[in-house]
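Architecture and fold: a report
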Amino acid sequence: MKTSKTLLYAIALFGSAAAVSDSISAQTSERKSLTLDGAERVIAASKAEAAKLKAPGGVVAVVDAGGNLMALERIDGTFAAGATISIGKARTAVLFQKPTKVFEDIINKGRTAMTALPDSLFTPLQGGIPVVSDGQIIGGVGVSGASSAAQDEQLAIAGADAAKSFGGDSRATATLPVSFFGKNEVDESFAKGGKLLDDSAGRNYMVHTSRREGPGQVEVHTKDADILYVLQGNATVVTGGTMVDGKNIAPDEIRGREIIGGETRKLVPGDAMIIPNNVPHWFKEVQAPFLYFVVKVR
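A few points on the structure.

**Describing the pairing of strand β3 (residues 69–74)**
In the sheet, strand β2 (residues 59–64) pairs with β3 via 5 bridges, with the strands oriented antiparallel. Within β3, the position partnered with V63 by the bridge is L69. In this structure, the hairpin formed by β2 and β3 is closed by a connection of 4 residues, where G67 is found at a positive phi of approximately 85°.

Next up, the structure:
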């Protein structure tokens, strides 16, 4: 995800929320998002182009505006690695808002330093195209495994072009609000701790205003990655290691008594931490009140 980019965005959001005027409560603006139906239409258009060109194979991947995989199909006979490559192309196209051929050309002209970017964020291979509807980038499509890099791109363009006909079709795109929270609302949420933004409306993320008054149990979230940003207080956190007496308390949520081994850190205001899903973590010691934002990404 993409995680480092998400972290920077989250920190920027937190900083802005803490500094806004008390007179502002909550405002929303609208932005389109790609639906599963829309992603499947993009893939169908790419596959139709592959059949038309008699492409020997191809994997088509579609991601949303945040680079998260929505749908993928592999034409029979395509090499297995094509799936990973096509996802990388689609993610690169949407996160950098340019066709991936742009970056391949730049590297071929000598700017090889770009290859130092992490593979999870950057796949500079021809065949990734942003998906645009009504002037907004709503996703990306990537293709790998056709007869050539140029044909990969041709199939991706055919898929992206399908989005031009989405228009106001609610089956292909949905409108999610861009949310803003004023200082008073944020402070009230921190006073009791809770969800500032939930995962309704199809979001794959939540924002929590977390408050701890003391140590807690060991936590494991099997699907959610946690991105933490500390505002007040300090805490000693243990991550990794082996959880003792772990029990499922809810779907995809495990709690335990303590951690054996692991890595211990002390968190203070201004610190940020990314805890991937399935990693045990334990707030072993807390100086109350300990206040921190958490972006939970699934």
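**Some words on the packing of aromatic side chains**
Tallying each qualifying case throughout the model produces 7 aromatic pairs. For the pair F283 and Y292, a centre-to-centre distance of 5.4 Å together with 25° between the ring planes defines the contact as stacked. Relative to Y292, the ring of F290 has its centre 5.0 Å away and its plane inclined at 40°; by these criteria the two rings are tilted. No difference in accessibility class separates F290 from Y292, as the two residues are buried. One aromatic cluster in this structure is built from F96, F103 and F122.

**Structural notes on the nonpolar core**
Of all hydrophobic cores here, the largest spans 20 residues; its most connected members are L34, V42, V62, V131, V141 and F166. It is helix α2 (residues 36–53) that provides the largest number of residues to this core, a total of 4 residues. The contacts of V131, once residues within four sequence positions are left out, are V42, Q136, I137, I138, G139, G140, V141, A160 and A163. By size, the runner-up hydrophobic cluster in this structure holds 12 residues, among which are V230, L267, F290 and Y292.

The rules behind the values
Residues numbered from 1 in each chain as written. Predicted model: local features only at pLDDT ≥ 70, side-chain atom pairs only at ≥ 80, totals over all residues. Heavy atoms only, no water. Pairing = 2+ DSSP bridges. Helix = DSSP H or I, 4+ residues; strand = E, 2+ residues; numbered from the N terminus. Phe/Tyr/Trp six-rings, centres within 6.5 Å; stacked < 30°, edge-to-face > 60°. Buried < 20%, exposed > 50% of the residue type's maximum accessible area, 1.4 Å probe, protein only. Core = buried A, V, L, I, M, F, W, Y, C linked by side-chain atoms within 4.5 Å. Contact = heavy atoms within 4.5 Å.

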